[in-house]
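Survey of secondary and tertiary structure
If you want the building blocks of each chain, they are given just below.
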Amino acid sequence: QVQLVESGGGLVQAGGSLRFSCAASGAASGRTLSRYAMGWFRQAPGKEREFVAAITRSGGTTYYADSVKGRFTISRDNAKNTVNLQMNSLKPEDTAVYYCAASISKTIELVSSSRADYWGQGTQVTVSS
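Attention in this report is confined to the structure presented alongside it. (Residues numbered from 1 in each chain as written. Predicted model: local features only at pLDDT ≥ 70, side-chain atom pairs only at ≥ 80, totals over all residues. Heavy atoms only, no water.)

**Let's talk about the sheet that holds strand 8 (residues 82–87)**
- Spatially, four strands are ordered 1-3-8-7 in an open sheet, and the strand pairing comes out antiparallel. Sheet topology places strand 1 (3–7) and strand 7 (72–77) at the edges, where each strand pairs with a single neighbour. Neighbour-to-neighbour, the strand axes of this sheet turn through a mean angle of 20 degrees, independent of strand direction.
- Strand direction decides the pairing type here: strand 1 and strand 3 (residues 18–25), joined by five bridges, are antiparallel. By the bridge assignment, Leu 4 is partnered in strand 3 with Ala 24. (Pairing = 2+ DSSP bridges. Helix = DSSP H or I, 4+ residues; strand = E, 2+ residues; numbered from the N terminus. Axes fitted to C-alpha atoms, helices over the stretch in contact; angles between N-to-C directions.)

Encoded structure:
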């Protein structure tokens with residue numbers, strides 16, 4: 001069992017920046033985040049959860065939703081067992097609960113299906129206009 005713990009949410013004005021981190025907690029030997037494709041998803045009030053960004057196990061390839069491309073950057077540090085999401089030029093429509101996700105499947109499957117093996121508890125981002 002892998003537990004994902006997110007940190008870094010909060011309230012920010014439009015145009016501002018936030019940085020999320022997702023860390024693996026309680027991971028047994030061998031069950032490190034390097035085994036998983038990682039992603040970030042978000043869910044706004046009254047809307048379905050949607051894909052935001054994903055990164056392959058090596059960190060060599062990244063995927064982004066069109067709505068965040070050029071503004072958000074996903075990265076990972078397998079040595080530290082963390083995945084990060086840098087969010088710049090934030091807009092009010094970015095307001096949502098953001099979730100970290102880990103998938104044993106291919107990264108492209110995580111992107112297309114939004115199905116993951118493990119989810120974080122979610123962290124709120126509110127962007128004021």
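Moving on, there is more to tell.
**Focus: the side chain of Arg 42**
- Relative to the elements of secondary structure, Arg 42 occurs in strand 4 (residues 37–43).
- A polar contact is formed between the side chain of Arg 42 and the side chain of Glu 50, at a distance of 2.6 Å.
- Among the polar contacts made by the side chain of Arg 42, one reaches the side chain of Ser 67 at a distance of 3.5 Å.
- Dropping the residues within four chain positions of it, Arg 42 is found in contact with Glu 48, Arg 49, Glu 50, Val 52, Ser 67, Val 68, Phe 72, Glu 93, Asp 94, Ala 96, Val 97 and Tyr 98. (Polar contact = N/O pair within 3.5 Å; in protein donor to acceptor, adjacent residues only side chain to side chain. Contact = heavy atoms within 4.5 Å.)

**A closer look at the packing of aromatic side chains**
- Per the stated rule, a full pass over the model turns up five aromatic pairs.
- Seen in terms of ring centroids, Phe 20 and Trp 40 are 5.3 Å apart; in terms of plane orientation they differ by 25 degrees. Their pairing is stacked. One end of the pair, Phe 20, is in strand 3; the other, Trp 40, is in strand 4, and 20 residues separate them in sequence. Pair check on accessibility: Phe 20 and Trp 40 agree, each one buried.
- Centroid distance Phe 41 to Trp 119: 5.2 Å. Interplanar angle 65 degrees. Geometry classified as edge-to-face. Of this pair, Phe 41 sits in strand 4 while Trp 119 is found in strand 10 (residues 118–119), placing the two residues 78 residues apart along the sequence.
- Directly above the aromatic system of Tyr 99 lies the positively charged group of Arg 49, at a separation of 5.3 Å from the ring centroid.
- The side chain of Arg 49 reaches across the aromatic face of Trp 119, ending 3.8 Å from its centre. (Phe/Tyr/Trp six-rings, centres within 6.5 Å; stacked < 30°, edge-to-face > 60°. Buried < 20%, exposed > 50% of the residue type's maximum accessible area, 1.4 Å probe, protein only. Lys NZ or Arg CZ within 6 Å of the ring centre and 35° of its normal.)

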